[in-house]
Amino acid sequence: MAKIAVLERKCTGCGACVKACPFGAIDMTGAHPEMNAACCVCGLCVKACPEQAIVKLETRTAEVDKSKWQGILVYAEVSGGRLHPVSLELIGKARELAAPLGYAVNAVILGSSILQYAEELRHYGVSEIYMYDDPALSYFRADVYAGCVEAAIRSMHPSVVLVGATSLGRSLAPRLSTRFHTGLTADCTQLELRENTDLVQIRPAFGGNIMAQIITPHTRPQFATVRYKVMDAPARSDAPGGIILPQSIPQAALASHAELVETRQVPPSASISDADILVVGGRGLKKEADLEMIRHLAHLLGGDWATTRPLVEKGWNSNDRQIGLSGRTVRPRLILCFGISGAIQFTSCMKGSDHIIAVNQDPNAPIFDIAEIAIVDDLYTVLPNLIARLEGQP
Ligand SMILES: Cc1cc2nc3c(=O)[nH]c(=O)nc-3n(C[C@H](O)[C@H](O)[C@H](O)COP(=O)(O)OP(=O)(O)OC[C@H]3O[C@@H](n4cnc5c(N)ncnc54)[C@H](O)[C@@H]3O)c2cc1C
C-alpha cells in the first residue's frame with residue numbers, strides 16, 4: 001500500500017500541489033496541504049512541490065516462503081451424527097487442484113467416536129487423516145475446535161485449507177484465518193491453483209453482478225469456504241487408502257470460553273439442497289395460495305419445492321426454501337421453474353442441475369438461456385395441466 005505524506009518542516013504552504021492535483025484531492029484549509037479521500041496516490045503533487053516537501057511512502061509486505069507450505073487440507077465436518085457430504089465434495093475439488101502440483105490432499109476430522117467417519121474418508125483418496133476423537137469434542141465449541149485444527153495446520157503446513165460453508169464451517173474458518181493472520185474467502189463457487197501455488201478464489205461479488213477473483217499472495221495458508229452442492233464429490237473407491245493419525249487435543253484448546261448450558265433437538269428437516277427433483281415458483285405466481293400448485297406438483301413428482309427470493313420477502317416462504325445467493329445452492333437431477341425470470345443471483349445457485357425446465361410467458365426471459373426445455377406459456381395453463389396429467393386425468 002502506498003500513501004502520500006507531507007513533511008511539514010519543509011512545506012511553505014505555497015499551494016503548488018493543490019494546483020497540480022487533477023483530482024481535487026488536496027485541501028489547503030490550514031497552513032499545510034492535507035490529502036482527502038479522492039487521493040489516488042498518483043504522485044503528481046510529489047513532482048510539483050518546489051520544496052520536495054511531499055513524499056510517496058510505500059509499504060512493503062513481508063514475503064512468505066511458499067515452499068514451506070505444501071498440500072491441501074480439507075476440514076472433514078462431522079455434525080448431526082454424520083459426515084457432512086460437503087466434506088467429500090471438497091476432497092474431490094482438492095484432488096483436482098492438487099494433481100498438477102503433485103500436492104497431497106489431507107484431512108482433519110474432529111468429534112467424539114468418529115473412527116467410522118475417518119475410515120470412510122480413506123475411500124476418497126486422502127493421504128493423511130488427522131483425527132481428534134474425544135468426548136470433549138462431542139459438540140461444536142468454536143474455540144476448542146479451532147485450537148485442534150490450528151494444531152493440525154501448524155503440524156502439516158498446508159498451502160490451502162478448504163472448509164465447507166456450513167453453519168459450523170462459517171464459524172470455524174474465520175477463527176482459523178485470524179489465528180494465522182491470513183486471508184479467507186467465503187462461499188467460493190470456483191477454485192483454481194496457479195503454478196506459483198496461489199489459490200484463485202472465485203466468487204460472486206456486488207450482488208452477483210461480477211465474479212471476483214481473490215488471491216492471498218503474501219501469506220499462507222490460504223483459507224476458502226465452499227457451499228454444499230457447488231463441487232462434485234469423487235467416486236468412492238472400494239479399496240481404502242491413506243492413514244489415520246489419531247491426535248490428542250492440545251491443552252491450550254481445552255481452556256474454552258464456551259459452556260454448554262442446554263441442548264435442544266431441532267426436528268430434522270429435509271434440505272432443498274438434498275432434493276433430487278425440485279419444483280420452484282417465482283414472482284409469476286399471483287397469490288400465496290397458488291404456491292399450493294407448486295407444492296402439489298412436487299409431491300406428485302416425489303420431489304421438494306422452493307421459491308425465488310421475492311416470495312420469501314413477501315412472507316410466502318421461509319429462507320431455508322429459497323434458492324440463490326442469499327439462500328441455498330441446489331443441484332438436483334431435475335428442476336422445474338415456474339414464473340422465474342432467471343436473475344444471476346438465482347441461476348448461479350441452480351444452473352448445475354442436470355435438467356432444467358422453465359415456464360415463462362416472456363420468450364426473452366434469461367432463464368431460457370440455461371433451460372434445456374423452454375416453455376413459453378402461461379404458468380396458470382401449464383401447471384394445472386401437468387398436475388392433471390400426473391393425476392391420470394384426461
Ligand atoms: C444481493 C442480492 C442477493 C439476491 N439473492 C437472491 C436469491 O438468493 N434468490 C433469488 O431468487 N433472488 C435473489 N436476489 C434477487 C434477484 O436479483 C431477482 O430479483 C429475483 O431472483 C427475481 O425473482 P423472480 O424471477 O421470481 O421474479 P421476477 O424477476 O419478477 O420474474 C418473474 C417472471 O415471471 C414471469 N411471469 C409472470 N407471470 C407469468 C405467468 N402467468 N406465466 C409464466 N410466467 C410469468 C415474468 O415474465 C418474469 O420473467 C438477490 C438480489 C440481490 C441484489
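Worth saying up front: this structure is predicted, and the values here are computed from it rather than measured.

A. Seen up close, the overall build of the protein. The number of helices and strands found in the protein is 11 helices and 21 strands. Since a compact globule built from 394 residues should have a radius of gyration of about 21 Å, the 27 Å found for the protein marks it as more spread out than a globular shape.

B. Region of the structure containing the domain arrangement of the protein. The assigned domain composition of the protein is domain 1 (2-58), domain 2 (66-253) and domain 3 (272-390). Each partner contributes to the interface: domain 2 provides eight residues, whereas domain 3 provides eight residues. Across the side of domain 2 that touches domain 3, the residue classes break down as three nonpolar, three polar and two charged.

C. Structural view of the sheet that holds strand β13 (residues 199-205). Read from one edge of the open sheet, three strands run β12-β13-β14, paired in antiparallel fashion. If you trace the sheet from one side to the other, it starts and ends with β12 (190-193) and β14 (210-214), each paired once. Recorded for the sheet is a direction-independent mean angle of 25° between the axes of neighbouring strands. Pairing between β13 and β14: five bridges, direction antiparallel. Bridging from a neighbouring strand, Ile202 pairs with Gln213 of β14.

D. Region of the structure containing helix α11 (residues 379-390). Here α11 is 12 residues long and its end C-alpha atoms lie 16 Å apart, about the 16 Å a rise of 1.5 Å per residue gives. Those residues of α11 that sit buried are Leu379, Leu383 and Leu386. Relative to the axis of α11, the buried residues are bounded by an arc of 65° and lie together on one face. Turned more than 90 degrees off the buried face of α11, the exposed positions are Thr381, Asn385, Ala388 and Arg389. Once α11 ends, the next one or two residues include Gly392, with phi positive near 80°.

E. The site of the ligand, seen in detail. Every one of the 27 residues lining the ligand counts as a neighbour, but Gly282, Arg283, Gly284, Thr308 and Gly324 are closest to it. When contributions to the shell around the ligand are tallied by element, the ones reaching two or more residues are α9 (309-313), α10 (344-347), β20 (355-360) and α11. Split by residue class, the shell around the ligand holds 10 nonpolar, 13 polar and four charged.

F. A look at the environment of Glu89. Checked against the element boundaries, Glu89 lands in helix α3 (residues 85-98). Taking the C-alpha atoms as reference points, Glu89 and Val74, 15 residues apart in sequence, are found 9.9 Å from one another. Residues within four places of Glu89 in sequence aside, it is in contact with Met231, Asp232 and Ala233.

G. Focus on the nonpolar core. Within the largest apolar cluster, 56 residues are counted, with the highest numbers of intra-cluster contacts made by Val74, Val108, Ile109 and Leu162. No other element matches the seven residues that helix α5 (residues 142-156) contributes to this core. In this view, Leu162 contacts Ile72, Val74, Tyr75, Leu90, Ala94, Ala224 and Val226; residues no more than four positions away in its chain are not counted. Within the second largest apolar cluster, 31 residues are counted, among which are Val279, Leu325, Ile367 and Leu383.

H. Expanded view of α5. Compared with an ideal rise of 1.5 Å per residue, which puts 15 residues at 21 Å, α5 spans 21 Å between its outermost C-alpha atoms and is within 8% of the ideal. Every buried residue belonging to α5 is among Val144, Tyr145, Gly147, Cys148, Val149, Ala152, Ile153 and Met156, and all of these are buried. Phi turns positive one or two residues past the end of α5, at His157, with a value near 55°.

I. The arrangement of the sheet that holds strand β19 (residues 334-338) in detail. With respect to topology, five strands assemble into an open sheet ordered β18-β17-β19-β20-β21, the strand pairing being parallel. Looking along the sheet, the strands with just one partner apiece sit at the ends: β18 (304-307) and β21 (373-376). Ignoring strand direction, the axes of neighbouring strands in this sheet form an average angle of 15°. Bridge count for β19 against β20 is five bridges, and the pairing is parallel. In the sheet register, Ile335 faces β20, and the bridge partner there is Ile356. The sheet contacts of helix α8 (residues 291-301) involve β17 (277-281), β18 and β19, and relative to β17 the element is tilted by about 170°.

J. Main features of the packing of α8 against α11. Two numbers describe how α8 lies on α11: the axes approach to 10 Å, and their chain directions differ by 30°. Accordingly, the angle class assigned to the pair α8 and α11 is roughly parallel. Like other packed secondary-structure pairs, α8 and α11 cross with a definite hand, here left-handed. When α8 is examined against α11, the residues Met293, His296, Leu297 and Leu300 are found in contact with a partner set consisting of Leu383, Pro384, Leu386, Ile387 and Leu390. Its residues assigned to classes, the contact of α8 with α11 comprises eight nonpolar, one polar and no charged.

K. Broad picture of the environment of Leu172. The residue Leu172 is located in helix α6 (residues 167-179) in this model. Here the alpha-carbon distance between Leu172 and Asp143, two residues 29 residues apart in the chain, equals 8.3 Å. Ignoring any residue separated from it by four or fewer positions in sequence, one finds Leu172 in contact with Ala142, Tyr145, Ala146, Val149 and Val163.

L. Focus on the packing of α5 against α6. At a minimum axis distance of 9 Å, the contact between α5 and α6 shows a crossing angle of 55°. Relative to α6, the element α5 is oriented oblique. Relative to α6, α5 is oriented so that their crossing is right-handed. The residues of α6 that touch α5, namely those facing Ala142, Tyr145, Ala146, Val149 and Glu150, are Ser171, Leu172, Arg175, Leu176 and Arg179. Here the residues of the contact of α5 with α6 sort into six nonpolar, one polar and three charged.

Reading guide: rules and limits
- One numbering rule holds for all chains: residues counted from 1, following each sequence as written.
- Local features are withheld for residues below a pLDDT of 70 in this predicted model, meaning they are given only at 70 or higher, and side-chain atom pairs are given and counted only at 80 or more; totals for whole chains, interfaces and linings count all residues.
- Only runs of H or I of at least four residues qualify as helices and only runs of E of at least two qualify as strands under DSSP, and these elements are numbered from the N terminus.
- With C-alpha atoms as the basis for the radius of gyration, the globule rule is written as 2.2 Å multiplied by the number of residues raised to the power 0.38.
- All domain edges in this entry derive from an automatic or database-based domain assignment.
- Each residue is represented by a C-beta atom placed from its backbone, and any two residues with such atoms within 7 Å are regarded as in contact.
- Here the nonpolar group is Ala, Val, Leu, Ile, Met, Phe, Trp, Tyr, Cys and Pro; Asp, Glu, Lys and Arg are the charged ones; every other residue, Gly included, is treated as polar.
- When DSSP finds two or more bridges between a pair of strands, those strands are recorded as paired.
- Here an axis means a line fitted to C-alpha atoms, over the contact stretch when the element is a helix, while the angle between two N-to-C directions is reported on a 0 to 180 degree scale.
- Expected span of a helix, by definition, is 1.5 Å for each gap between consecutive residues, and there is one gap fewer than residues.
- Counts of 20 or more other C-beta atoms within 10 Å of a residue's own C-beta define buried residues, counts of 12 or fewer define exposed ones, and intermediate counts define partly exposed ones; C-beta atoms are placed from the backbone.
- To obtain the arc, one takes the directions from the helix axis to the C-beta atoms.
- Using a C-beta atom placed from the backbone, a residue is scored as near a molecule or strand whenever that atom is within 6 Å of it.
- A set of buried residues drawn from Ala, Val, Leu, Ile, Met, Phe, Trp, Tyr and Cys, joined through C-beta atoms within 7 Å, is what defines a nonpolar core.
- Each angle is binned into one of four classes, with values under 35 degrees roughly parallel, values over 145 roughly antiparallel, values of 65 to 115 roughly perpendicular, and all other values oblique.
- Two helices that cross are described as forming a left-handed crossing if the nearer one is turned anticlockwise from the farther one by less than a right angle, and a right-handed crossing if clockwise.

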